[in-house]
Amino acid sequence: MGDAFLKRQLVNVALAANATRPLPGPPVAVPSFFAGWLTAELAPHLLALTTLDTAQHVARRGLRNPGTLAGVLAAAGYASLITRGHSAKTEVETALTNALGADYHSVLERAPLPADLATPWRSLVNPFAMADVDVVATRRLPYADGGRRFELDVYHHRDMPAGAPVLLQIHGGAWMIGEKEQQGIPLMMRMAARGWVCVAINYPLSPKAKWPDHLVAVKRAIAWIREHGAEYGADPAFLAVTGGSAGGHLAAMAALTAADKTLQPGFESADTTVQACVPHYGVYDFTAEDGTRASKIRLRSVVKRYVMPPDARYPEDYRAASPLSRVTADAPPFFVIHGVNDTLVPVRDARAFVQALREVSQQPVAYAEIAGAQHAFDIFPSVRSAHVVRGVERFLDWTYSRARLSRAEARGDAPQPA
């Protein structure tokens, strides 16, 4: 029994250590990601289990044995991870005040209350129960011909809103896997419960689909929202886009290429502009010209082999598919979010993209580096992701409030309450 306890606690120590300082690069980057992601975001649950396990062991075997020391070290590691998760609150708010101004709260329809900024412990007890009684979902609506990969889900408040802003969620999965029901749920539930209309889409996947099929589908979904969104209470004039990983790449591309009608074959006249963009741990460069090992591996193993068409020219066509090469002065407001501990898409990729955006964009570019965060840290509610979701909410509310104010000024009247 004592040996089994010691082995369990040594595993806990190893998990906490990897979540704190993950092992980068192949062949360990992927297993390091999975272990670090789950450990960091489930740290409160692991701390509770480890503390209970250690207390029972001490009651049976006493304090003076190697197992007890390992249990204490594991508990300390998980407690440290929880503390790092809480730091997201400050990191997100600092990013927003730096980009939007220290008084940006004054623009919001409703300034955040203390409860909005607190950690929602009750909802974190079972992080995989992400339903909200105030949110209704209408599923599997076709936005284009082609079957299941061209369907979307609409989330809105049970009291059907009228003229509500829209948030479009694009799932990740290396452009090859993923479903609309699997990602972005905490953010969409939060926004829909507060009156937004949220739309999650599927899109065609590689290797069957080749670039730019994925982005063309995203633009078709935007065109569908502009045409049909009002049926679900949406204000088609304001559309923000978000997504993680490959979804972050597609969100950024959608936000930066509205003027490129070659990406709208057959629907060139449709309005596919985006009013705000919030990419999470996105891929911003297909060329690997930055020279990082992770980018070169991604280029060889995923982008070149499965995503880009066989006749794609390097580097020209790869640059055309890269948000880093598509930055423009007309870019909408951006809030770029990336985890410092991301082993799949290194944080330096996000830094380069933000720097390029800030050099030319006429709109605010907020950037939050989230300490201790792995790739996909926001898939389910956690201490860290709860604070990030609330920060994204404030950014989206700010962009929408400012857009409404601009429209009201253009009409020569005062904005009405949302």
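Here, the structure is the one placed above.
The text that follows walks through the structure, step by step, so that each part is easy to find. (Residues numbered from 1 in each chain as written. Predicted model: local features only at pLDDT ≥ 70, side-chain atom pairs only at ≥ 80, totals over all residues. Heavy atoms only, no water.)

Glancing now at the side chain of His157. Residue position: His157 is located in strand E2 (residues 151-157). A relative accessible area of 16% places His157 in the buried class. Polar side-chain contacts of His157 include one of 3.0 Å to the backbone nitrogen of Asp159. Aside from chain neighbours lying at most four places away, what touches His157 is Asp134, Ala192 and Ala193. (Helix = DSSP H or I, 4+ residues; strand = E, 2+ residues; numbered from the N terminus. Buried < 20%, exposed > 50% of the residue type's maximum accessible area, 1.4 Å probe, protein only. Polar contact = N/O pair within 3.5 Å; in protein donor to acceptor, adjacent residues only side chain to side chain. Contact = heavy atoms within 4.5 Å.)

Turning to the packing of helix H8 (residues 213-228) against helix H9 (residues 246-256), a few remarks are in order. Packing of H8 against H9 leaves a shortest axis separation of 10 Å and a crossing angle of 65°. For H8 against H9, the interelement crossing comes out right-handed. Contact with H8, carried on its side by His214, Leu215, Val218, Lys219 and Ile222, involves Leu250, Met253 and Ala254 of H9 and no other residues of that element. (Axes fitted to C-alpha atoms, helices over the stretch in contact; angles between N-to-C directions. Left-handed = near helix turned anticlockwise from the far one by under 90°.)

On to the nonpolar core. Counting residues in hydrophobic clusters, the biggest one holds 62 residues, and the most contacted among them are Tyr143, Leu168 and Phe334. Looking at this core, the element that brings in the most residues is H9, giving eight residues. Once residues within four sequence positions are removed from consideration, Leu168 is found in contact with Val199, Ile201, Val218, Ile222, Ile225, Leu239, Ala240, Val241 and Thr242. Leu42, Tyr281, Ala368 and Ala373 belong to the second-largest nonpolar core, a separate cluster that totals 45 residues. (Core = buried A, V, L, I, M, F, W, Y, C linked by side-chain atoms within 4.5 Å.)

On to the sheet that holds E2. In a beta sheet, neighbouring strands are held together by backbone hydrogen bonds and run either parallel or antiparallel to one another. Read across the open sheet, the eight strands follow the order E1-E2-E4-E3-E5-E6-E7-E8; overall the sheet is mixed. Of all strands in the sheet, those with a lone pairing partner are strand E1 (135-142) and strand E8 (365-370), marking the two edges. Strand-to-strand twist of the sheet, defined as the mean angle between neighbouring strand axes without regard to direction, takes the value 20°. Across six bridges, the pairing between strand E7 (residues 334-339) and E8 is parallel. Within E8, the residue paired with Phe335 across the bridge is Ala366. Sitting on the sheet, helix H7 (residues 185-193) is in contact with E1, E2, strand E3 (164-170), strand E4 (197-201) and strand E5 (234-244), with an inclination near 45° to E2. The sheet strands contacting H8 are E1, E2, E3, E4 and E5, and the helix crosses E5 at an angle near 155°. (Pairing = 2+ DSSP bridges.)

Another aspect to go through is unusual backbone geometry. Residue Pro207 is reached from Ser206 by a cis peptide bond, and omega for that bond is 5°. Take Pro207: it is sitting in the loop between E4 and H8. The omega torsion of the bond from Tyr314 to Pro315 falls at 5°, within 30 degrees of zero and hence cis. At Ala376, a position not held by glycine, the phi torsion is positive, near 65°.

We now examine empty space enclosed by the protein. Per the counting criterion, the structure on display carries five cavities of 30 Å³ or more. Lining the largest cavity are 14 residues, and of these Gln169, Gly184, Leu187, His280 and Asp378 sit closest to its centre. Of all the elements in the fold, those that place two or more residues in the lining of the largest cavity are H7, E5 and helix H13 (383-411). Tallied by class, the residues present in the lining of the largest cavity amount to six nonpolar, seven polar and one charged. Computed from the structure, the second largest cavity encloses a volume of approximately 50 Å³. If you list the elements that add at least two residues to the lining of the second largest cavity, you get helix H2 (29-41), helix H3 (43-61), helix H4 (66-100) and H13. (1 Å grid on protein atoms, 1.4 Å probe; cavity = no way out; pocket = protein on both sides within 12 Å on 5 of 7 lines; lining within 4 Å. Points joined across faces, edges and corners; volume = space filled by probe spheres on them. Nonpolar A, V, L, I, M, F, W, Y, C, P; charged D, E, K, R; others polar.)

Before going further, it helps to examine the packing of H3 against H4. Taken N-terminus to C-terminus, the directions of H3 and H4 make an angle of 160°; their axes are 9 Å apart at the nearest point. In this view, H3 runs roughly antiparallel relative to H4, as classed from their interaxial angle. Crossing angle aside, the handedness with which H3 passes H4 is left-handed. Every residue of H4 that contacts H3 at Ala43, Pro44, Leu46, Leu47, Thr50, Thr51, Thr54, His57 and Val58 is listed here: Gly67, Thr68, Gly71, Ala74, Ala75, Tyr78, Ala79, Leu81 and Ile82. Looking at the contact of H3 with H4, its residues break down into eleven nonpolar, seven polar and no charged. (Parallel < 35°, antiparallel > 145°, perpendicular 65-115°, else oblique.)

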